[in-house]
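Architecture and fold: a report
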Amino acid sequence: MLFLTTLFQQVDIEEKIKNAPDNGYEIGVFIGSMLPFVLLVILAYAIYRYNKKKIDK
């Protein structure tokens, strides 16, 4: 379900930056586009550490 919603929410970042009112908006678009990736990496690492500690016991 989540995959389908992300397909429909594809955003053209270059178009948003071109129409940006100021530099602050560009920074916000960049952070907003990177945030989901960063959160997934943190979640994957947390799961990895949890399972590694579980196996080492």
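Everything quoted here is computed from the prediction, not taken from an experiment.

**Here's the deal with the overall build of the protein chain**
Summing up its helical and strand segments, the protein chain has three helices and zero strands in all. Helices (α) and strands (β) of the protein chain occur, in sequence order from the N terminus, as α-α-α. Residues classed as buried in the protein chain amount to 4% of the 57 residues present. Summed over all atoms, the accessible surface of the protein chain reaches about 5,500 Å², with 68% contributed by carbon and sulfur.

**Side note on the packing of aromatic side chains**
Evaluated as defined, the whole model comprises one aromatic pair. Ring geometry for Tyr 45 against Tyr 48: centres 6.4 Å apart, planes inclined by 35 degrees, an arrangement best described as tilted. Of the two residues, Tyr 45 and Tyr 48 both sit in helix H3 (residues 23-56), three residues apart, roughly one turn of that helix.

**With respect to a nonpolar patch on the surface**
Taken together, Ile 27, Phe 30, Ile 31, Met 34, Leu 35, Phe 37, Val 38, Leu 39, Val 41 and Ile 42 make up a surface patch of nonpolar side chains, about 960 Å² in accessible area. Tracing the backbone shows Ile 31 in helix H3.

**Concerning H3**
The periodicity of an α-helix, 3.6 residues per turn, causes residues three or four places apart in sequence to face the same way. Taking 1.5 Å per residue, 34 residues should reach 50 Å; H3 reaches 48 Å between its end C-alpha atoms and fits that length. Maximal helix bending in H3 amounts to about 35 degrees, located at Leu 35; proline Pro 36 follows within four positions.

**Points about the environment of Lys 16**
Within the secondary structure, Lys 16 is located in helix H2 (residues 13-18). What makes Lys 16 partly exposed here is its relative accessible area of 36%. Along the primary structure Lys 16 and Glu 26 are separated by 10 residues, whereas in three dimensions their C-alpha atoms are 8.0 Å apart.

The rules we used
Residues numbered from 1 in each chain as written. Predicted model: local features only at pLDDT ≥ 70, side-chain atom pairs only at ≥ 80, totals over all residues. Heavy atoms only, no water. Helix = DSSP H or I, 4+ residues; strand = E, 2+ residues; numbered from the N terminus. Buried < 20%, exposed > 50% of the residue type's maximum accessible area, 1.4 Å probe, protein only. Areas by Shrake-Rupley, 256 points an atom, 1.4 Å probe, with all protein chains shown as cover. Phe/Tyr/Trp six-rings, centres within 6.5 Å; stacked < 30°, edge-to-face > 60°. Patch = residues over 30% accessible without salt bridge, like charges linked within 9 Å, V, L, I, M, F, W, Y side chains within 5 Å. Salt bridge = Lys/Arg side-chain N within 4 Å of Asp/Glu carboxyl O. Expected span 1.5 Å × (residues − 1). Bend = angle between axes of the 7 residues up to and from the residue.

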